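Notes for the structure review
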Amino acid sequence: MKSGDFNNDGISDLAVTIETPYYGINMLVGNANKSFQTQIMTQLSYIRGFMASGDFNHDSNLDLVAPDGGLSVLLGTGNGSFQNLVSYATDYFIIVVCTADFNNDGKLDLAISKWRCSSYCVSVLLGNGDGTFQPEVNYSSSSNLNYMISDDFNNDGKKDLVIVCDGSRSVNILLGNGNGTFMTPKLIVTADNSEFVISGDFNHDGNLDLAAAHIVPYVIGVLLGYGNGHFSNESLYSTETVTNSMITGDFNMDGNLDFAVSYINTNEMGLFIGNAVVSNLKVEFN
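Reading the values: the criteria
Residues numbered from 1 in each chain as written. Predicted model: local features only at pLDDT ≥ 70, side-chain atom pairs only at ≥ 80, totals over all residues. Heavy atoms only, no water. Helix = DSSP H or I, 4+ residues; strand = E, 2+ residues; numbered from the N terminus. Pairing = 2+ DSSP bridges. Axes fitted to C-alpha atoms, helices over the stretch in contact; angles between N-to-C directions. Buried < 20%, exposed > 50% of the residue type's maximum accessible area, 1.4 Å probe, protein only. Lys, Arg positive; Asp, Glu negative; His and termini not counted. Salt bridge = Lys/Arg side-chain N within 4 Å of Asp/Glu carboxyl O. Polar contact = N/O pair within 3.5 Å; in protein donor to acceptor, adjacent residues only side chain to side chain. Contact = heavy atoms within 4.5 Å. Phe/Tyr/Trp six-rings, centres within 6.5 Å; stacked < 30°, edge-to-face > 60°. Core = buried A, V, L, I, M, F, W, Y, C linked by side-chain atoms within 4.5 Å.

The name given to the protein chain in an unreviewed UniProt entry is VCBS repeat-containing protein, with the source organism recorded as Rotaria socialis.

Written out as structure tokens, the structure reads:
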């Protein structure tokens, strides 16, 4: 699921992946009263994984990139619908799509995590600025890649990648060179296997931190960033069960970042309220 103003009316909409009665994307157009209008549907041949959004052709309309076995680019029309999709074939199965300007040319690029049999890799596709992308460059991985985010974790003005690795009790960080390439991955040891990771400045020191959702035990691990691509050991916070998604924001408007998690097989969410001192984060559930 991705949120954004896909019809340029100043109100956030939702793009939601579906699998029945067919594979595709439903666009839920937002109303001013926080309800949603009738769905606009886009059919795909297949979809499984995490989408990315951005203005890939510089027309001021939000576009989508969706994993559908290969990679499909859907250019937005500005009214909540999309042009005919453009597909990029791949011999790997795509799990996650992440977007950022990795070579600092003012055009959005893509990073995708892929697997085939027992082979895993991250691929970077540099954007041409017209909704098309250059051939992918692969970075191999020794383990399955569950999730991926991009930000500047060493404060050098270049976009980096943080990748959740399945089965390795670690998170990978790939520091960007600013030209679309990355340094050798560094392992950040974590308490257990992770499903998701988010970033934010949780302690107001000007450096990005990480929060990773672990599978067993059911915990969120917070790693404070030092601003050089390195992080502290984890502080662990219990959750009720396995977390299947996470978001961050200032939910109680106190100037401190919080994060919310959703749980598998329950009707509940967990809300971690931040007080800028991570060791004193308190957790509330509703």
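This paragraph deals with the environment of P135. As for its position among the elements, P135 is in the loop between β11 (119-125) and β12 (137-141). Note: C-alpha distance between P135 and L125 (ten residues apart in sequence) is 6.0 Å.

A word on the sheet that holds strand β19 (residues 219-223). An order of β17-β18-β19-β20 is seen for the four strands of this open sheet, with the pairing classed as antiparallel. The open sheet has two free edges, formed respectively by β17 (194-200) and β20 (235-238), since each of these has just one partner strand. Strand after strand, the sheet turns through a mean of 20 degrees between neighbouring axes, direction not considered. Bridge analysis of β19 against β20 gives four bridges, and the strand direction is antiparallel. Counterpart to V219 in the pairing with β20 is S238.

With respect to the helices and strands, D109 occurs in strand β10 (residues 109-116). Despite its burial, D109 remains without a salt bridge, the nearest opposite charge being carried by K107 at 8.3 Å. From its side chain, D109 meets the backbone nitrogen of F102 in a polar contact 2.7 Å long. Within the structure, the side chain of D109 is placed 2.6 Å from the backbone nitrogen of G127, a separation counted as a polar contact. When neighbours within four sequence positions are excluded, D109 is seen to be in contact with C98, T99, A100, D101, F102, N103, L125, L126, G127 and F133.

Taken in spatial order, the four strands line up as β1-β2-β3-β4 in an open sheet, and their pairing is antiparallel. At either margin of the open sheet sits one strand with a lone partner, and together these are β1 (2-4) and β4 (40-43). Geometrically, the sheet is characterised by an average inter-axis angle of 20 degrees between neighbouring strands, direction not taken into account. Here strand β2 (residues 13-18) pairs with strand β3 (residues 24-28) via five bridges, running antiparallel. Note on β3: the bridge partner recorded for I18 is G24.

A few words now on the packing of aromatic side chains. Tallied over the full model, the rule gives nine aromatic pairs. Measuring from ring centre to ring centre gives 5.7 Å for F56 and F133, while their planes differ by 70 degrees; the resulting arrangement is edge-to-face. Of this pair, F56 sits in the loop between β5 (52-54) and β6 (63-68) while F133 is found in the loop between β11 and β12, placing the two residues 77 residues apart along the sequence. Residue F56 shares its accessibility class with F133, and that shared class is buried.

Ranked by size, the top nonpolar core spans 45 residues in total, and within it L161, L210, M246 and F259 carry the most contacts. Tallying contributions element by element places strand β14 (residues 160-165) first for this core, with five residues. Apart from residues no more than four positions distant in its own chain, L161 is found in contact with C98, F102, A111, V122, M148, I149, S150, N172, I173, L174 and F182. Counting 13 residues, the second largest nonpolar core, distinct from the first, contains F56, L71, L75 and V97.

The next point concerns the pairing of β6. For β6, a buried count of six out of six residues is recorded, marking the element as mostly surrounded by other parts of the structure. Neither face of β6 is open: one carries D63, V65 and P67, the other L64, A66 and D68, and all of them are buried. In this structure, β5 lies alongside β6, joined through three bridges in antiparallel fashion. Bridge assignment links G54 to a residue of β6, and that residue is D63. Relative to strand β7 (residues 70-74), β6 is paired through five bridges, and the arrangement is antiparallel. Among the inter-strand pairings, A66 is bridged to a residue of β7, identified as S72. Linking β6 back to β7 in an antiparallel pair, the connection comprises one residue, with G69 at a positive phi of about 90 degrees.

Checked against the element boundaries, N256 lands in the loop between β21 (243-249) and β22 (258-263). Of the polar contacts made by the side chain of N256, one reaches the side chain of H204; its length is 2.7 Å.

The next point concerns unusual backbone geometry. Phi at H58 takes a positive value of approximately 55 degrees, unusual for a residue other than glycine. Position of H58 relative to the elements: it lies in the loop between β5 and β6. Judged by its relative accessible area of 49%, H58 falls in the partly exposed class. If you check the backbone angles, N104 has positive phi at about 55 degrees while not being a glycine. Topologically, N104 is positioned in the loop between β9 (93-100) and β10.

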